[in-house]
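# Chain and residue survey
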Amino acid sequence: MSSPESEASAGPAASLPAVAPQLRALRRRASLTLEAAARAAGLSPAHLSRLETGQRQPSLPMLLALARIYGTTVSELIGETAAERDAIVRATDMEPTRAGGWTYWQAGSPGRGMQALRVRVPHGAQGDIVRVHPGEEWLYVLRGRLRLRLGDTAHLLVPGDSAHFDSLTPHRIAAEDPDGLELLFVHTLLQSPTATLCLGPHTGDTP
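Report on the accompanying structure. (Residues numbered from 1 in each chain as written. Predicted model: local features only at pLDDT ≥ 70, side-chain atom pairs only at ≥ 80, totals over all residues. Heavy atoms only, no water.)

### Looking at the nonpolar core
For the record, the criterion: The set of buried Ala, Val, Leu, Ile, Met, Phe, Trp, Tyr and Cys residues whose side-chain atoms join them within 4.5 Å is what this entry labels a nonpolar core. Here the term buried applies to any residue with accessible area under 20% of the maximum for its type, exposed to any over 50%, and partly exposed to those in between, with areas from a 1.4 Å probe on protein chains only. A run of H or I in DSSP becomes a helix once it reaches four residues, and a run of E becomes a strand once it reaches two; helices and strands are each numbered from the N terminus.
Counting residues in hydrophobic clusters, the biggest one holds 44 residues, and the most contacted among them are Leu 48, Leu 66, Tyr 70, Leu 146 and Leu 148. Per-element tally for this core: the top contributor is helix 4 (residues 60-69), with seven residues.

Structure (structure tokens):
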């Protein structure tokens, strides 16, 4: 099982330039020390420090973890906060963001009680990452085949299939086919700075 730190890429976060300063600002807004935030996310303080200085690039699951801990959304973490809430999200306004091998588009408005994403998952990307966190998730397969593991049970989902489950159930998401898959992904947001998300066991900082 991989730790969440193994999902982050080394080097400056070139594709997510706003993440580093936002991570630090939102952690301070939540009145969390570097050590407390790192512990809640299953990271080492040194690793979180590298994320905040742009020396490491966080994956999408890691952004989801930090967003829940800081009581915010991935949109705000990457500097995409809208001036006001809009009920309509136009396809032309959806800018792709790449993290941890995944590509995702915001499919909902920021600041809501749940977050909707359209996600493209390449074959072999993060398939060994086990996720466990509070809340609920809903997945709908648009293209390709999804290998979903819930606890000790493996499921193969094809286009048109969906899954709705308690996120405290350990789960893995992987593309079954070489062409990858595309899905709709909706998850609840816990608007509490003390909420935690565990993506795997803490094994120390990854060099």
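### Structural notes on helix 1 (residues 19-29)
In plain terms, the rule: By construction, the arc corresponds to the directions joining the helix axis to the C-beta atoms. Residue contacts are counted whenever heavy atoms from the two residues lie within 4.5 Å of one another.
Listed in full, the buried residues belonging to helix 1 are Val 19, Ala 20, Leu 23, Leu 26 and Arg 27. Taken end-on, helix 1 shows its buried residues confined to a sector of 140°, consistent with a single buried face. Contact partners of the buried residues in helix 1: helix 2 (34-41), helix 3 (45-52), helix 4 and helix 5 (74-77). Phi turns positive one or two residues past the end of helix 1, at Ser 31, with a value near 60°.

### Comments concerning the pairing of strand 9 (residues 162-166)
Which entries qualify depends on this criterion: Any two strands with at least two DSSP bridges between them are considered paired.
Residue alternation in strand 9 divides its side chains into a buried set, Ala 163 and Phe 165, and an unburied set, Ser 162, His 164 and Asp 166. As paired elements, strand 6 (residues 136-143) and strand 9 share five bridges and run antiparallel to each other. Paired with Trp 138 across the two strands is His 164, which belongs to strand 9.

### A closer look at empty space enclosed by the protein
Note the cut-off: Grid points spaced at 1 Å and placed over the protein atoms alone form the basis of the search, with a cavity being a set where a 1.4 Å probe fits but cannot get out and a pocket an open set showing protein on both sides within 12 Å along at least five of seven lines. Lining residues have an atom within 4 Å of a point. Grid points are joined across faces, edges and corners, and a volume is the space filled by probe spheres set on the points. Any residue outside Ala, Val, Leu, Ile, Met, Phe, Trp, Tyr, Cys, Pro, Asp, Glu, Lys and Arg is labelled polar, Gly included; the first ten of those are nonpolar and the last four are charged.
Counting across every chain of the model gives two cavities of 30 Å³ or more. Trp 102, Val 119, Leu 139, Ile 173, Leu 183 and Phe 185 together form the lining of the second largest cavity. The residue makeup of the lining of the second largest cavity, split by class, is six nonpolar, no polar and no charged.

### Concerning the sheet that holds strand 5 (residues 114-121)
The condition that has to hold: To get an axis, fit a line to the C-alpha atoms, keeping to the stretch in contact for a helix; angles then go from 0 to 180 degrees between the N-to-C directions.
If you walk across this open sheet you meet the six strands as 3-4-5-11-6-9, and the pairing is antiparallel. Bordering the open sheet on either side are strand 3 (97-99) and strand 9, each of which pairs with just one other strand. For this sheet, the mean angle separating the axes of adjacent strands, direction not counted, is 25°. Against the sheet, helix 4 contacts strand 3, strand 4 (102-106), strand 5 and strand 11 (181-188), and its axis sits at roughly 10° relative to strand 11.

### Points about the sheet that holds strand 8 (residues 153-157)
With antiparallel pairing, three strands are arranged side by side in an open sheet as 8-7-10. Strands at the two margins of the open sheet, each flanked by one partner only, are strand 8 and strand 10 (171-175). Neighbour to neighbour, the strand axes of the sheet diverge by 20° on average, direction disregarded. Bridge count for strand 7 (residues 146-150) against strand 8 is five bridges, and the pairing is antiparallel. What sits directly across from Leu 148, in strand 8, is His 155.

### Describing the packing of aromatic side chains
The cut-off we apply is this: When the centres of two rings from Phe, Tyr and Trp lie within 6.5 Å, Trp using its six-membered ring, the rings pair. Their planes under 30 degrees apart give stacked, over 60 give edge-to-face, and anything left gives tilted. The criterion is that NZ of a Lys, or CZ of an Arg, lies within 6 Å of the ring centre and within 35 degrees of the ring normal, and then a charge sits over that ring.
The tally for this structure, following the rule as stated, stands at one aromatic pair. Plain terms: the ring middles of Trp 138 and Tyr 140 are 6.0 Å apart, the flat faces sit at 20° to each other, and that makes the pair stacked. Relative accessible area serves as the criterion here: at 30%, Trp 138 is assigned to the partly exposed category. When the ring centre of Trp 105 is taken as reference, the NZ or CZ atom of Arg 118 above it lies at 4.1 Å.

### Quick word on unusual backbone geometry
We note that Ser 31 has phi near 60°; this positive angle belongs to a residue other than glycine. By the element assignment, Ser 31 lies in the loop between helix 1 and helix 2.

Purely geometric numbers; function is a separate question.
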